Amino acid sequence: MDKHISSQFDAELGSVSTRVLELGGLVESQIRHAVYALSQFNTEVADQVIATESQVNSMEVEIDRDLSSIIARRQPTARDLRLLIAISKITANLERAGDESEKIARMVKSIINSGSARALPSSELRIASDLASGLLRKALDAFARLDVTERSEERRVGKE
């Protein structure tokens, strides 16, 4: 990424990006814990996932507020504005993934409370969880590097 004329803008952008990555790590952990709670029918871990959701929601609101402030104060160029909008969409999608993790945790508690808990295919759940977490981690890594070429490179290789 090129240096901006405003080092303050760069600092603000860096701060927001760092918080998006923190949010991503929190949601990634939330997904892993939700799947663990489901595979092990663990109420305590399910409760942790549910409790984490309020932190995810507040982080999303804070990041969105900061993005709006940056846009209003800095009036960024088209390229920078596209990046800020992309960050906003990333944040919203991370929050949605957190919502889904919370739904899984609530479902675990409901299953346990109904007394109908039974063994689930934990190895298949673990594989699905690893795939989802891996994709999330790759996306966050690409964001951290502002790497827009990885996906287009994969498409090109697939066409050869």
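Residues numbered from 1 in each chain as written. Predicted model: local features only at pLDDT ≥ 70, side-chain atom pairs only at ≥ 80, totals over all residues. Heavy atoms only, no water.

A look at the pattern of salt bridges
Logical step 1: Going through the model one piece at a time under the given rule, you end up with nine salt bridges.
Logical step 2: One salt bridge in this structure joins Glu12 and Arg74, with 3.1 Å as the shortest N-O distance. On the criterion of sequence distance, the pair formed by Glu12 in helix H1 (residues 7-40) and Arg74 in helix H2 (residues 43-74) is long-range, its members being 62 residues apart.
Logical step 3: Relative accessible area serves as the criterion here: at 12%, Glu12 is assigned to the buried category.
Logical step 4: For Glu28, the salt bridge identified is with Arg32, shortest N-O distance 3.6 Å. One end of the pair is Glu28 and the other is Arg32, both in helix H1 and four residues apart, which spans about a single turn.
Logical step 5: A relative accessible area of 41% means that Arg32 is categorised as partly exposed.
Logical step 6: Among the charged side chains, a network of salt bridges with common partners joins Glu12, Arg73 and Arg74. (Salt bridge = Lys/Arg side-chain N within 4 Å of Asp/Glu carboxyl O. Helix = DSSP H or I, 4+ residues; strand = E, 2+ residues; numbered from the N terminus. Buried < 20%, exposed > 50% of the residue type's maximum accessible area, 1.4 Å probe, protein only.)

As for helix H4 (residues 122-144)
Side chains that are three or four residues apart share a direction in an α-helix, a result of its 3.6 residues per turn.
Logical step 1: Between its first and last C-alpha, H4 extends 32 Å over 23 residues, near the 33 Å set by a 1.5 Å rise per residue.
Logical step 2: Positive phi shows up at Leu146, right after H4, with a value of about 50°. (Expected span 1.5 Å × (residues − 1).)

Structural notes on the nonpolar core
Logical step 1: Counting residues in hydrophobic clusters, the biggest one holds 20 residues, and the most contacted among them are Val16, Val20, Leu23, Val27, Ile87 and Leu94.
Logical step 2: Counting only elements with at least two residues in this core, the list comes to H1, H2, helix H3 (78-114) and H4.
Logical step 3: By residue number, the principal contributor to this core is H1, which donates eight residues.
Logical step 4: Look past the residues within four positions of Val16 in its chain and what remains in contact with it is Ile63, Asp66, Leu67, Ile70 and Ile87.
Logical step 5: By size, the runner-up hydrophobic cluster in this structure holds nine residues, among which are Ala34, Ala37, Val49 and Val108. (Core = buried A, V, L, I, M, F, W, Y, C linked by side-chain atoms within 4.5 Å. Contact = heavy atoms within 4.5 Å.)

Geometric descriptors of this kind do not, in isolation, establish any biological role.
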